[in-house]
Amino acid sequence: MKDKIFGVLQRVGRSFMLPIAILPVAGLLLGLGSSFTNTTTIETYGLQWLLGDKTILHALLVIMNAVGSAIFDNLPLIFAVGVAIGMAKKEKEVSALSAVIAYFVMNVSINAMLKISGKILADGSIAKDVLDGTITSVCGIQSLQMGVFGGIIVGLGVAALHNRFYKIELPNALSFFGGTRFVPIISTVAYLFVGILMYFI
């Protein structure tokens, strides 16, 4: 029993390595981009001719800054996919697709619950009684601020569903939906309810 738990924890740890590997590169892009596009830095060192507005290098640094920011802004989704791939036994690409679907389904379910409960008003604005920073935009969906934790919940859950159902055989009438095609379906249904549960938690 102890060895089995230790083995699962090792697999979880290894699955975190895939999304974590991109962080140093994202940090460098964000750091270099934001540092060398800072007007105070440029003026202090007299580098307007090299890094000032409308120079090629300035444009490249702005793009680097945007790319680094995009990675950090979407870390929950990156972790959801990375953990699902790392924890899946076989057919890893199916678990990755299922994780993306489950991630969006969970956040849309939370969004619907926030609208039903009056936390998000009809015009899309946030109610006054909501604590600042509780609701954020997740890939364009107003949802609860769960950060990387939300992505890990999706990754681990989808991997568990994937490992349980990727070989499932359905009756002949439904055989098209069997095997790996069943994983995104069951993930969608499961994470609809997980999203509702996460709202209450």
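Keep in mind it's a predicted model, so treat the numbers as computed, not measured.

### Re the layout of surface pockets
Step number 1: A volume near 210 Å³ is recorded for the largest pocket.
Step number 2: Asp73, Pro76, Thr136, Val138 and Gln145 are, among the 17 residues lining the largest pocket, the residues nearest its centre.
Step number 3: Mapped by element, the contributors of at least two residues to the lining of the largest pocket are helix 5 (56-73), helix 7 (92-116), strand 1 (135-138) and helix 8 (147-165).

### Digging into helix 6 (residues 75-87)
Step number 1: Helix length check: helix 6, at 13 residues, gives a terminal C-alpha distance of 18 Å against a target of 18 Å (1.5 Å per residue), a fit within 8%.
Step number 2: What helix 6 keeps buried is the set Leu75, Pro76, Leu77, Phe79, Ala80, Gly82, Val83, Ala84 and Met87.
Step number 3: Residues of helix 6 that are buried make contact with helix 1 (2-20), helix 2 (23-35), helix 5, helix 7 and helix 8.

### Quick look at the packing of aromatic side chains
Step number 1: Taken as a whole and assessed by the stated rule, the structure comprises 5 aromatic pairs.
Step number 2: A ring pair is formed by Tyr103 and Phe104, whose centres lie 6.1 Å apart and whose planes are at 70°; its orientation type is edge-to-face.
Step number 3: Judged by centre distance (5.5 Å) and plane angle (65°), the rings of Phe165 and Phe182 are edge-to-face. In this pair, Phe165 is assigned in helix 8 and Phe182 in helix 9 (residues 182-200), connecting sequence segments 17 residues apart. By the burial criterion, Phe165 is buried, and Phe182 matches it.

### Comments concerning the packing of helix 8 against helix 9
Step number 1: Here helix 8 crosses helix 9 at 140°, and the two axes come no closer than 10 Å. Relative to helix 9, the element helix 8 is oriented oblique. Handedness of the crossing formed by helix 8 with helix 9: right-handed. The residues of helix 9 that touch helix 8, namely those facing Phe149, Ile153, Val154, Gly157, Val158, Leu161, His162 and Phe165, are Phe182, Val183, Ile186, Ser187, Ala190, Tyr191, Val194 and Met198.
Step number 2: Along the lines of polarity and charge, the residues of the contact of helix 8 with helix 9 split into 13 nonpolar, 3 polar and no charged.

### Describing the side chain of His58
Step number 1: As for its placement among the helices and strands, His58 is situated in helix 5.
Step number 2: You can call His58 buried: its relative accessible area is 13%.

### A word on the packing of helix 7 against helix 9
Step number 1: At a minimum axis separation of 7 Å, helix 7 and helix 9 run at an interaxial angle of 35°. Crossing of helix 7 over helix 9 shows right-handed handedness. Residue-level inspection shows Val94, Ser98, Ile101, Ala102, Val105, Met106, Ser109, Ile110, Met113 and Leu114 of helix 7 in contact with helix 9, the latter providing Val183, Pro184, Ser187, Thr188, Tyr191, Leu192, Val194, Gly195, Ile196, Met198, Tyr199 and Phe200.
Step number 2: Considering only residue class, the contact of helix 7 with helix 9 consists of 17 nonpolar, 5 polar and no charged.

### Re the nonpolar core
Step number 1: Among the nonpolar cores identified, the biggest contains 28 residues, and Met106, Ile110, Leu114, Val154, Val158 and Tyr191 are the most heavily contacted of them.
Step number 2: Taken together, the elements giving at least two residues each to this core come down to helix 6, helix 7, strand 1, helix 8 and helix 9.
Step number 3: Excluding residues within four positions of it along the chain, Val154 makes contact with Ala80, Ala99, Ala102, Tyr103, Met106 and Tyr191.
Step number 4: Leu75, Phe79, Ile152 and Ala159 belong to the second largest nonpolar core, which has 7 residues in total.

Calculation notes
- Residues numbered from 1 in each chain as written.
- Predicted model: local features only at pLDDT ≥ 70, side-chain atom pairs only at ≥ 80, totals over all residues.
- Heavy atoms only, no water.
- 1 Å grid on protein atoms, 1.4 Å probe; cavity = no way out; pocket = protein on both sides within 12 Å on 5 of 7 lines; lining within 4 Å.
- Points joined across faces, edges and corners; volume = space filled by probe spheres on them.
- Helix = DSSP H or I, 4+ residues; strand = E, 2+ residues; numbered from the N terminus.
- Expected span 1.5 Å × (residues − 1).
- Buried < 20%, exposed > 50% of the residue type's maximum accessible area, 1.4 Å probe, protein only.
- Contact = heavy atoms within 4.5 Å.
- Phe/Tyr/Trp six-rings, centres within 6.5 Å; stacked < 30°, edge-to-face > 60°.
- Axes fitted to C-alpha atoms, helices over the stretch in contact; angles between N-to-C directions.
- Parallel < 35°, antiparallel > 145°, perpendicular 65-115°, else oblique.
- Left-handed = near helix turned anticlockwise from the far one by under 90°.
- Nonpolar A, V, L, I, M, F, W, Y, C, P; charged D, E, K, R; others polar.
- Core = buried A, V, L, I, M, F, W, Y, C linked by side-chain atoms within 4.5 Å.

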